[in-house]
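A structural walkthrough
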Amino acid sequence: MSGGTPYYLTTPIYYVNDSPHIGHAYTTVACDALARFMRLDGRRVMFLTGTDEHGQKVDKSARAAGLDPQSFCDKVSENFREMGRLMNISNDDFIRTTEPRHIRASQAIWEELERAGEIYLGRFAGWYSVRDEAFYEESEIKDGKAPSGAEVEWVEEENYFFRLSAWQDRLIAHYERHPEFIAPRARRNEVMSFVKGGLKDLSISRTSFAWGVPVPGDPKHVMYVWLDALTNYITAVGYPDRESADFRAFWPADLHMVGKDIIRFHCVYWPAFLMAAKIDPPKRVFAHGWWTVEGQKMSKSLGNFIPPQQLVAEYGVDAVRYFMLRELPFGNDGDFSHRAVVSRINGDLANDFGNLAQRVLSMVQRYCEGRVPAPGPLEPADDALFAAARGLLAKLRAEFAEQAFHRALELIWHVVAEANRYVDEQAPWALRKSDPARLATVLYVLAETIRHLAILAQPVVPAAAARLLDQLAQAPERRDFAALAAHPLAPDTLLPKPEGIFPRYLEAATTA
Ligand code: MSP
């Protein structure tokens, strides 16, 4: 982490009972692109991910695996770190809810809520879904199932309750004062109408199992796993020490990225807990959509959970990252199909961007002895391409600020297309004999445009962009957004021999 205005963003922490799959990889990749963008833009970024290890669901999975819950968590939490390495994720911290720092923070927030008079002891009788780790109202149960389709069980036990019902008006006031708090807009409407429908007090402890954070002063209760889990976001920045440098710099978080299924926890319970504990709520929660795979819901019984290893082995990490962020408007649901991935790889990546870089850099090798040529006077077409490349950063900032990754990529690829058109129109190969001075200008304009594209593509395709910047002989300290305007390509720089950055995907030959 360097200087600059702090920027704090988080993924949900993943339940360790599942193996990592596309859904987890998706949230994490989206956050990673944003974290990289902000770092390149000079922000001091704190990017947090981790694992959610307490609660009944994990307890049951551990038993099923014949392990005590702690050993089970130690083992399976590693799968999520491994997923991070595979997907080229640049997180600054990885939190596990079984760590002492987190147990301390969870108990501290409990005590603050208790001191504030927000907690009382009562008796819970109602529906609980272990899969969702959620309580449901009678009115929400349809055909004996939760709205998510999960099984529910009837639970009656002594529980502590949080006075959520008292927070309805203050939550609505918060949503109204901060329209950017919940995105996209459809999700905001959904949360508003849920809260306007009235809130019941929320059970925040359990007594029928022991795998959780003990309730301070009453250890036969463990804290409700969502109160424990949500608290991870403040644990990682030093809570309960509110005066710590990290807490002061990074809280309130700039963004919690979540899937649409867990919006109620993040946009209703979490801000209520925080306000009740006199802590500022996060600035924004963005709920993205869900992927189906080849048109089908992912499920264990269909056996279509694609592990990230398989994706990366098949397509390469950059291609998967690009596909996930380009294929659908961020926020919408979408389908992950082999055909769609291959079409993005061979179209956008190989044909459009890869080919542009390859043809321009090969011409620099062939016609200019591998040295960046010195440009002469610029013509209107040169100015137009430069203007498009140089205008990108401001536009991308606006799109990344709204988590519109698909639009950001569309803008970058629009300049890729303009650069390809410019190559065809200027036909540098024909200038070689007729006008070598013009050839030098055209190749310079193209190489400098490619430098912009490579720097700006780093958040989404970091490895390929790095290879391209190597081929442009750019030093590591000249790859951030400040370098775009500050360090144009220097004529006479010797460039290494170009190599393709985005390989085509070739279907394995099938025999009829
Ligand atoms: N442990 C909770 C989060 C606690 S955060 C304080 C949890 N974990 S989870 O592992 O079940 O889910 C994590 C994320 O994966 C969720 O944001 C969920 O939306 C996302 N996805 C799970 N399946 C998905 C798809 N098929 N597609 C896209 N994202 C999906 O919930």
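As shown above, the structure is provided for reference.
So, a few notes on the structure that sits alongside this text. (Residues numbered from 1 in each chain as written. Predicted model: local features only at pLDDT ≥ 70, side-chain atom pairs only at ≥ 80, totals over all residues. Heavy atoms only, no water.)

1. A closer look at the overall build of the chain
Helix and strand counts for the chain stand at 20 helices and 15 strands. Relative to the 2.2 N^0.38 estimate, which gives 24 Å for 512 residues, the radius of gyration of the chain is 26 Å and therefore close to what a compact globule would have. Counting across all 512 residues of the chain, residues that qualify as buried make up 58%. Taking all contacts inside the chain whose residues are at least 6 apart in sequence as the whole, residues at least 24 apart take part in 78%. On the chain, roughly 21,300 Å² of surface is accessible, and the fraction owed to carbon and sulfur atoms is 51%. Separation of charge centres in the chain, based on 58 positive and 67 negative side chains, amounts to 2 Å. (Helix = DSSP H or I, 4+ residues; strand = E, 2+ residues; numbered from the N terminus. Rg over C-alpha atoms; globule rule 2.2 N^0.38 Å. Buried < 20%, exposed > 50% of the residue type's maximum accessible area, 1.4 Å probe, protein only. Contact = heavy atoms within 4.5 Å. Areas by Shrake-Rupley, 256 points an atom, 1.4 Å probe, with all protein chains shown as cover. Lys, Arg positive; Asp, Glu negative; His and termini not counted. Charge placed at Lys NZ, Arg CZ, Asp CG, Glu CD.)

2. Quick word on the nonpolar core
Membership of the largest hydrophobic core comes to 104 residues, with the highest contact counts inside it found for Met-324 and Leu-446. Residue contacts for Leu-446: discarding those within four places in its chain leaves Leu-356, Val-360, Leu-385, Ala-419, Tyr-422 and Val-423. Grouped together as the second largest cluster of nonpolar side chains are 74 residues, Phe-161, Met-192, Val-225 and Leu-227 included. (Core = buried A, V, L, I, M, F, W, Y, C linked by side-chain atoms within 4.5 Å.)

3. Quick notes on the environment of Gly-149
Summarising the element assignment, Gly-149 is placed in the loop between β6 (134–136) and β7 (153–162). You can call Gly-149 partly exposed: its relative accessible area is 35%. C-alpha separation for the pair Gly-149 and Asp-132, spaced 17 residues apart in sequence, amounts to 9.7 Å.

4. A word on the pairing of strand β13 (residues 285–288)
Across the two faces of β13 the burial is the same, with Val-285 and Ala-287 and Phe-286 and His-288 all buried. In terms of strand pairing, strand β8 (residues 182–183) meets β13 through two bridges, oriented parallel. Residue pairing across strands places Ile-182 opposite Val-285, the latter belonging to β13. Of the strand pairs in this sheet, strand β12 (residues 255–259) and β13 are connected by four bridges, and their pairing is parallel. (Pairing = 2+ DSSP bridges.)

5. Notes on the packing of helix α2 (residues 56–64) against helix α3 (residues 69–86)
At a closest axis distance of 9 Å, the pairing of α2 and α3 adopts a crossing angle of 90 degrees. Here α2 lies roughly perpendicular to α3, going by the angle between them. Between α2 and α3, the residues in contact are Val-58, Asp-59, Ser-61 and Ala-62 and Pro-69, Phe-72 and Cys-73, respectively. Residues that form the contact of α2 with α3 fall into these classes: five nonpolar, one polar and one charged. (Axes fitted to C-alpha atoms, helices over the stretch in contact; angles between N-to-C directions. Parallel < 35°, antiparallel > 145°, perpendicular 65-115°, else oblique. Nonpolar A, V, L, I, M, F, W, Y, C, P; charged D, E, K, R; others polar.)

6. Details of the pairing of strand β3 (residues 44–52)
By the criterion of burial, β3 is predominantly enclosed, with eight of the nine residues buried. Two strands pair when backbone bridges link them, and strand β1 (residues 6–10) and β3 are joined in this way by five bridges, in the parallel orientation. The residue bridging Tyr-7 from the neighbouring strand is Val-45, located in β3. Bridge count between strand β2 (residues 14–15) and β3: two bridges; the pairing is parallel. Note that in β3 the partner of Tyr-14 across the bridge is Thr-51. Across four bridges, the pairing between β3 and strand β4 (residues 93–96) is parallel. Looking at β4, one finds that Thr-51 is bridged to Arg-96.

7. As for the site of the ligand
If you check the shell around the ligand, you find 23 residues, and the closest are Ile-13, Asp-52, Gly-259, Asp-261 and Met-298. Tyr-15 is positioned such that a nitrogen or oxygen atom in its backbone is 3.2 Å from an oxygen atom of the ligand. Between an oxygen atom of the ligand and a side-chain N or O atom of His-24, the distance comes to 3.4 Å. About the coverage of the ligand: the protein hides 94% of its 670 Å² of free accessible area. Looking at the shell around the ligand, the elements with two or more residues in it are β2, α1 (22–40), α7 (225–230), α8 (232–235) and β12. Looking at which element gives the most residues to the shell around the ligand, the answer is α7, with three residues. Taken together, the residues of the shell around the ligand break down into 13 nonpolar, eight polar and two charged. (Near = heavy atom within 4 Å. Polar contact = N/O pair within 3.5 Å; in protein donor to acceptor, adjacent residues only side chain to side chain.)

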